[in-house]
Amino acid sequence: MLKKNNARLLAGGMLLALAATGCTNASETGSPQGTAAPAAGTGAAAPAGLQVNEAARALLPTAIRDKGVLSIASDPTYPPFEFFDTDNKTLIGWDADMGDAIGAVLGLKVEHVPATFDTILPGLQSGKYDLGMSTFSVTEERRKAVDFVPYLQGGTGLAVAPGNPDRLTVDAASLCGKAVAAQKGSIQSLDILPAFSKKCIAAGNPAIDMQFFPTQNDANLALTSGRVQGVMADSVSLAYQGKLAGGKFEVAEGPDYEPELTGTALGKKSELLPAIQAATAAVLESPAYQEMNAKWGLPASTAITPADVVLK
């Protein structure tokens, strides 16, 4: 579990107070979106029980409020967080549901935009998207370029062939000389695997054969086809993907590596930040949050509270 400092607790208390105020039915406010605003790009209704929070909505920049739409970019190759439904065009998953929930609280429609993972943060910086929701780990390096509003916490796991014939773990010593894949732009490709490989070399062992792919599907295919011996990614996602693949791979036993906050990304100093923080806090305090987690099989350890929404 992550430690919560006093600043987070204070900020979380303020957001909780905001989340508890200003909730009204559409019939009372005249909001055209109502309490179950359809999400553009999904055709799905907002999670049950969520209402427009007028206090959070009042924090929206005028241009966004007038436009009435939030554009959210996600990489649709990362179930259960974001992936295409059976029609191969409707984006579904935990992040899609969370985006719809935030939109419902703010009285906005949501446009889910598919994008490759490593292009989303640059797209936020250029103003191409309003938000990025693709299970981004909140790292100090990323925070130099974008802002974050956390909504979950999770750690890295390692996908291996059934039965784990090479006895691999999320530990540098077991991966030296092995071929290990990850998705381009992920913390596994940018930070974890390179650091592990350096440890191997420092110990006089062969470097890790790091192979990075544009999508998670490509990385998983490299594993199931025998081109690599392991794949690093979020442990929850890997477990879900293994089930979707009919057991062609599994997550190696052992604890997650360095659990971190994950969350919504915004352009640096975006005027949307206060509204997204307030809306996220409202969702975290609602039954919809636990319902989303249960729907997509997320363990209880991934849940956070409003105290984590505002970063120092």
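So, here's what we can say about the structure. Each chain has its residues counted from 1, running along the sequence as written. Predicted model: local features are reported for residues with pLDDT of at least 70 only, side-chain atom pairs are reported and counted for 80 or more only, and whole-chain, interface and lining totals are derived from all residues. Side-chain measures were taken over the full set of non-hydrogen atoms in the model, leaving aside hydrogen atoms and water.

Before going further, it helps to examine the packing of helix α5 (residues 94-106) against helix α12 (residues 273-284). One way to put it is that α5 packs onto α12 with a least axis distance of 9 Å and a crossing angle of 110°. When the interaxial angle is binned, α5 and α12 end up roughly perpendicular. On the side of α5, the interface is formed by M98, A101, I102, V105 and L106, while α12 contributes A275, I276, A279, T280, A282, V283 and L284. Only Asp, Glu, Lys and Arg are considered charged, only Ala, Val, Leu, Ile, Met, Phe, Trp, Tyr, Cys and Pro nonpolar, and every remaining residue, Gly among them, polar. Grouping the constituent residues of the contact of α5 with α12 by class yields 11 nonpolar, 1 polar and no charged. Only C-alpha atoms enter the line fits that serve as axes; for helices the fit covers just the stretch in contact. Angles between N-to-C directions range over 0 to 180 degrees. Numbering goes from the N terminus for both helices and strands, where a helix is a DSSP run of H or I of at least four residues and a strand is a run of E of at least two. Here is the rule for angles: anything less than 35 degrees is roughly parallel, anything more than 145 is roughly antiparallel, 65 through 115 is roughly perpendicular, and the remaining ranges are oblique. Contacts between residues were defined by any pair of non-hydrogen atoms, one from each residue, lying within 4.5 Å.

It is worth spelling out the side chain of S74 at this point. Locating S74 in the fold gives a position in strand β3 (residues 69-74). Leave out the neighbours within four places in its chain, and S74 touches E82, L91, V113, P114, A115, I120, M133 and S134.

The next thing to look at is helix α10 (residues 216-224). Throughout, exposure labels follow a simple rule: accessible area from a 1.4 Å probe, protein chains only, divided by the maximum for the residue type, with under 20% read as buried, over 50% as exposed, and the rest as partly exposed. Buried within α10 we find Q216, A219, N220, A222 and L223. Looking straight down α10, one finds that the buried residues subtend no more than 155° of arc, so they occupy a single side. For α10, the secondary structure elements touched by its buried residues are β4 (77-78), β9 (146-160), β10 (179-183), β11 (209-213), β12 (230-234) and α11 (235-244). Backbone geometry just downstream of α10 places G226 in the positive-phi region, at approximately 85°. Directions pointing from the helix axis toward each C-beta atom define the arc.

The term disulfide is used for any two cysteine sulfur atoms that are within 2.5 Å. If you walk through the whole model with that rule in mind, you get 1 disulfide. Each sulfur in the disulfide pair C176 and C200 lies 2.1 Å from the other. Judged by the torsion about the S-S bond (-90°), the C176/C200 disulfide is left-handed. Placement of C176 in the loop between α8 (172-175) and β10 and of C200 in helix α9 (residues 187-202) is noted, with a sequence separation of 24 residues between them. The two residues C176 and C200 agree in class, both being buried.

Bringing the sheet that holds β4 into the picture now. Judged by pairing direction, the sheet is antiparallel, and its 3 strands sit side by side in the order β4-β5-β6 without closing on themselves. Edge strands, defined here as strands with exactly one partner in the open sheet, are β4 and β6 (91-92). Only strands that DSSP links by at least two bridges are regarded as paired with each other. Pairing between strand β5 (residues 82-84) and β6: 2 bridges, direction antiparallel. Following the sheet pairing, F83 is matched in β6 by I92.

The next subject is the environment of T169. By the secondary structure assignment, T169 is in the loop between β9 and α8. Once the C-alpha coordinates of T169 and A159 are considered, the two residues, 10 residues apart in sequence, prove to be 9.1 Å apart. Beyond its immediate sequence surroundings of up to four residues, T169 is in contact with L158, S174 and L175.

Quick look at the packing of aromatic side chains now. Stacked, tilted and edge-to-face are the three classes applied to pairs of Phe, Tyr and Trp rings, where Trp contributes its six-membered ring and a pair requires centres within 6.5 Å; stacked means planes under 30 degrees apart, edge-to-face means over 60, and tilted covers the rest. In total, this model carries 9 aromatic pairs according to the counting rule given. Arranged with centres 4.8 Å apart and planes meeting at 25°, the rings of F117 and F136 form a pair that is stacked. Note that F117 is positioned in helix α6 (residues 117-125) and F136 in strand β8 (residues 131-137), a separation of 19 residues in sequence. The same class applies to F117 and to F136, which are both buried. Pairing F196 with Y257 gives two aromatic rings, centres 5.2 Å apart and planes at 80°, and the pair type is edge-to-face. Separated by 61 residues along the polypeptide, F196 in helix α9 and Y257 in strand β14 (residues 257-267) bring together distant segments of the chain. For Y257, a relative accessible area of 21% corresponds to the partly exposed category. Through a chain of ring-to-ring contacts, the aromatic side chains of Y78, F81, W94, Y151 and Y289 assemble into a single cluster.

Next up on the list: the nonpolar core. In these notes, a set of buried Ala, Val, Leu, Ile, Met, Phe, Trp, Tyr and Cys residues joined through side-chain atoms within 4.5 Å is what counts as a nonpolar core. W94, M98, L106 and I276 are the most contacted members of the largest nonpolar core, which totals 68 residues. In terms of residue count, the dominant contributor to this core is α12 (8 residues). The contacts of W94, once residues within four sequence positions are left out, are P80, F81, Y151, L152, Y289, M292, N293, W296 and L298. Ranked by size, the runner-up nonpolar core spans 17 residues in total, among them L158, V170, I187 and M232.

Any functional reading would require information that these geometric values do not contain.
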